[in-house]
Amino acid sequence: MVEPTDGAEARDGAEPEPEPAEPAEILDRPLPERVRGRVIQLAGDAFDGLTLAELPNTLRQFARFTPPRRVKFGGSAMAAALESDTFFRHRVAAVLRAAQPELVEAVERGAPPPAADPVEVAAAAFLLRPAGWPKLVAAAGEEAHRVQAERAGQERERELAELRAELAGLRGAARDEQERLRAELEASRKESDALHRKLRSAQADVRRGEAAVRKLRAELDEVRSAAEAARTAGESEARRLRGRLARAEAALEASRRSVREDRGIEDTRLRLLLDTVLDATQGLRRELALPPARQGQLPAETVAAVRPGEPGPGDIARRALAGDDPAVLDQLLALPQAHLVVDGYNVTKTGYPQLPLERQRARLMRGLAVLAAQSGAEMTCVFDGAELAAPVLLTPPRGVRVLFSPAGETADELIRQLVRAEPVGRPVVVVSSDREVADGVARSGAWPAAATLLLNRLARV
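All values reported here derive from a predicted model rather than from experimental measurement. (Residues numbered from 1 in each chain as written. Predicted model: local features only at pLDDT ≥ 70, side-chain atom pairs only at ≥ 80, totals over all residues. Heavy atoms only, no water.)

Asks: Looking at this model, I keep getting lost on the sheet that holds strand β2 (residues 378-383). Mind explaining?
Replies: One key point about sheets: their strands pair by backbone hydrogen bonds, in either a parallel or an antiparallel sense. An order of β3-β2-β1-β4-β5 is seen for the 5 strands of this open sheet, with the pairing classed as parallel. Single-partner strands in this sheet number two, and they are β3 (400-404) and β5 (447-449). When the angles between neighbouring strand axes are averaged without regard to direction, this sheet yields 20°. With 5 bridges connecting them, β2 and β3 associate as parallel partners. Within β3, the residue paired with Phe-383 across the bridge is Phe-404. (Pairing = 2+ DSSP bridges. Helix = DSSP H or I, 4+ residues; strand = E, 2+ residues; numbered from the N terminus. Axes fitted to C-alpha atoms, helices over the stretch in contact; angles between N-to-C directions.)

Asks: Mind showing me how you'd approach unusual backbone geometry here?
Replies: Trans peptide bonds make up the majority, and among non-glycine residues the majority have a negative phi. With a phi angle near 55°, Gln-337 is a residue other than glycine that sits in the positive phi range. Considering the arrangement of structural elements, one finds Gln-337 in the loop between α10 (326-333) and β1 (339-343).

Asks: What is the right way to read the confidence of the model for the chain from this model?
Replies: Close inspection of predicted coordinates is inappropriate for parts of the model with low pLDDT. In the predicted model, the chain carries a mean pLDDT of 78, and 77% of its residues have values of at least 70. When mean pLDDT is compared element by element in the chain, β1 scores highest at 95, while helix α1 (residues 7-13) scores lowest at 40. A low-confidence stretch, residues 1-23 stays under pLDDT 50, and its non-local contacts, those more than four residues away or across chains, total 39 contacts. Below pLDDT 50 for its whole length, residues 311-319 participates in 3 contacts with residues either more than four positions away or in separate chains. (pLDDT = per-residue confidence, 0-100. Contact = heavy atoms within 4.5 Å.)

Asks: Sorry, what's going on with the side chain of Thr-380 here?
Replies: Secondary-structure assignment places Thr-380 in strand β2. Engagement of the side chain of Thr-380 in a polar contact is seen with the side chain of His-339, the distance being 2.9 Å. If we ignore the near neighbours within four places in the chain, the residues touching Thr-380 are His-339, Leu-340, Val-341, Val-342, Arg-401, Leu-403 and Leu-418. (Polar contact = N/O pair within 3.5 Å; in protein donor to acceptor, adjacent residues only side chain to side chain.)

Asks: Where do I start with the pattern of salt bridges in this structure?
Replies: Once their charged atoms are close, side chains differing in charge can pair, the charge on each being opposite to the other. All told, the structure shown has 16 salt bridges when counted by the stated rule. Measuring nitrogen to oxygen at the nearest pair gives 3.4 Å for the salt bridge that ties Arg-182 to Glu-179. Of this pair, Arg-182 and Glu-179 both sit in helix α7 (residues 133-280), 3 residues apart, which is roughly one turn of the helix. Relative accessible area serves as the criterion here: at 48%, Arg-182 is assigned to the partly exposed category. Put simply, Glu-235 and Arg-231 hold a salt bridge, and the shortest N to O gap is 2.4 Å. Taken together, the positions of Glu-235 and Arg-231, both in helix α7 and 4 residues apart, correspond to about one turn of that helix. Residue class for Arg-231 comes out partly exposed when judged on its relative accessible area of 40%. Through salt bridges that share partners, Glu-378, Arg-401, Glu-422 and Arg-426 make up one connected network. (Salt bridge = Lys/Arg side-chain N within 4 Å of Asp/Glu carboxyl O. Buried < 20%, exposed > 50% of the residue type's maximum accessible area, 1.4 Å probe, protein only.)

Asks: How should the packing of α10 against helix α15 (residues 451-459) be read in this particular structure?
Replies: Packed helices, taken two at a time, are described by their axes: the angle between them and the distance between them. Following both chains from N to C, one finds α10 and α15 inclined at 95°, their axes separated by 8 Å at the closest point. Taken together, α10 and α15 sit at an angle that is classed as roughly perpendicular. Side by side, α10 and α15 meet where Pro-326, Val-328, Leu-329 and Asp-330 of the first sit next to Leu-453, Leu-454, Asn-456 and Arg-457 of the second. Of the residues in the contact of α10 with α15, the class split is 5 nonpolar, 1 polar and 2 charged. (Parallel < 35°, antiparallel > 145°, perpendicular 65-115°, else oblique. Nonpolar A, V, L, I, M, F, W, Y, C, P; charged D, E, K, R; others polar.)

Asks: Sorry, what's going on with the nonpolar core here?
Replies: A general trend in soluble globular proteins is that nonpolar side chains are found buried together. Formed by 34 residues in total, the largest nonpolar core has its most connected members in Leu-82, Phe-88, Val-92, Val-107, Phe-126 and Leu-127. Considering each element in turn, this core owes the most residues, 8 residues, to helix α6 (residues 118-128). Excluding its chain neighbours within four sequence positions, the residues that come into contact with Phe-88 are Ala-43, Phe-47, Leu-50, Leu-55, Pro-56, Leu-59, Met-78, Ala-81 and Leu-82. If you look at the next biggest cluster of nonpolar residues, it comprises 29 residues, including Val-342, Tyr-352, Ala-451 and Leu-454. (Core = buried A, V, L, I, M, F, W, Y, C linked by side-chain atoms within 4.5 Å.)

Now the structure itself:
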């Protein structure tokens, strides 16, 4: 490493070597890149033999760098200094002269060795500047370029051979892959043909299945039609048989009533005969203290007639009421142990459908509570609960039973169950404008009443 000294004193006080006369020769082209690199490398190596004062000002900042770093970071500055500073170039030439004296002498004579490296010859000619040095540099540059071109050609030939070998390998691999793909394609074609055959067979099976399904559906429709006809015929026959049964029951009841009446008359006749016998035995009856025989129904009492104080046919005609007269409902509820069953929503949607369901129920409950208090009859109001999403918060009023049909069951079915639960002979009144409900409860022995009848009665409350 060079020691820092006073640069001005070192360059001014040192004995300058006599500078040879340099011919005014210049290069007509830039230095070849390899020659330039070699010159810069020699300049970097010359730093170790120079003091800081002997270095040009532009290169002193690189004095403490290692040779590789000098070449990397100060190459351009060293090339410019070699071109412009003769002293620095002579110092670098001295380093080259010490390292390769034979080459330097041959270059100075203008006859470089033919076997010498053209780059070294060109670098020495650039630093020494003998007569005709530009030609030496140019010839060395051309030779270096030729050698580089030959090397590049050899490298290209080698790369070309490698590429040709690689291409041959790729072509072979491509042929193998092509053969493999052809085999796979052939296998795929065969598989595709087999799949097409299976698909056609499956489509034929599907068509046959669809035809069989259509046939079965037609048969099912025929069976359903026959079953529906049989069901309709069965229902008609059941209604006819129920009618015959009702007529038979009515005839049986009339016969029983007639038998009871006939039996009562005979009993009365026998009692009269018995009374005659008993009159003959008064003494025995007094001794035994037997009570007198109770008189039964006399034969004259069986004859139908209007008695004093009883209503006649005219009075009954004058008392006939219209079907929607509230008095009809009062007469029905006046029967002993009467039971009023109300189809709730049927009544409310007939009377006040514009109200919400909650207000409809509340209004009907208020009216039924007053009617129950007035008549004393048992009352049950039934609502359809199939559409309820939650329990209804409703407090039934006194004297009124409130029921909701369970899930899967309508209010009509619940009303029929209530009617069937009552004993035969108890007066049951069902209020509903549904014709099917009215007919059903009438067959079970209840009195059907229209919703308007109850609404008219509640309007009087």
